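Residue-level structure breakdown
Residues per chain are reported as follows:
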Amino acid sequence: MTKKTIILILLIAASNSLFAQKGKINYSRYCSKLIAQVSNEWRMDSLGKNNFRSKFVQRFMKARIDSVSISQVRNNLGPPNNTWVEPGKIMYVYYFFSMKHNAGWLYAEYLVFTFNTETSLLLSISQGDNDRG
């Protein structure tokens, strides 16, 4: 190789490292990290009426479920608004949108964290809405 070729290769390599965007690991993709990141704002909206929670819903729906325990969710997000139990599962229900009057009914949306009762680990996160009389 000639000196000019070597210099050209070095310049290209240097410019790529200086001007290329560095790939950052987005830890919020992982549920455990996301729970810790949103904890303060989530707790400020404990009744789901201030609309703080709604901005995190899609992030939770897209988050990769890693080793998340019941206690981790409860410690970071606070006590659930409701708890449902099925054989082998316990579900923490968090309202994320303020209640609305809709044709005489109260309308609520919620996020459900479903845990395995034996391992106490998170199995899934789902979203729903409910008409309540």
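Note that the structure is a prediction, hence the values are computed from the model and not measured.

Turning next to the nonpolar core. Ranked by size, the top nonpolar core spans 21 residues in total, and within it C31, F60, V73, L77, L111 and F113 carry the most contacts. Listing elements by their share of this core, those giving two or more residues are helix 2 (31–44), helix 3 (57–62), helix 4 (70–77), strand 2 (89–95), strand 4 (105–116) and strand 5 (122–132). Looking at which element gives the most residues to this core, the answer is helix 2, with five residues. Among residues more than four places away in sequence, those in contact with F113 are F60, V73, L77, I90, M91, Y92, Y94, L122, S124 and I125. Counting residues in hydrophobic clusters, the runner-up holds six residues, among them M91, V93, Y95 and V112.

This paragraph deals with the confidence of the model for the protein. Averaged over all residues, the pLDDT of the protein is 78; the fraction at 70 or higher stands at 67%. Contacts for the low-pLDDT stretch residues 16–25, under 50 throughout, to residues beyond four places or in other chains number two contacts.

On to unusual backbone geometry, then. Even without being glycine, S120 reaches a positive phi, approximately 60 degrees. Tracing the backbone shows S120 in the loop between strand 4 and strand 5.

For the rest of this paragraph, the subject is the pairing of strand 1 (residues 82–86). Here five bridges tie strand 1 to strand 2, and the two strands are oriented antiparallel to one another. Note on strand 2: the bridge partner recorded for N82 is V93. Hairpin remark: strand 1 followed by strand 2, antiparallel, with two residues in the connecting loop; positive phi at G88, about 80 degrees.

Here is what the cut-offs are and how they apply
- Residues numbered from 1 in each chain as written.
- Predicted model: local features only at pLDDT ≥ 70, side-chain atom pairs only at ≥ 80, totals over all residues.
- Heavy atoms only, no water.
- Core = buried A, V, L, I, M, F, W, Y, C linked by side-chain atoms within 4.5 Å.
- Buried < 20%, exposed > 50% of the residue type's maximum accessible area, 1.4 Å probe, protein only.
- Helix = DSSP H or I, 4+ residues; strand = E, 2+ residues; numbered from the N terminus.
- Contact = heavy atoms within 4.5 Å.
- pLDDT = per-residue confidence, 0-100.
- Pairing = 2+ DSSP bridges.

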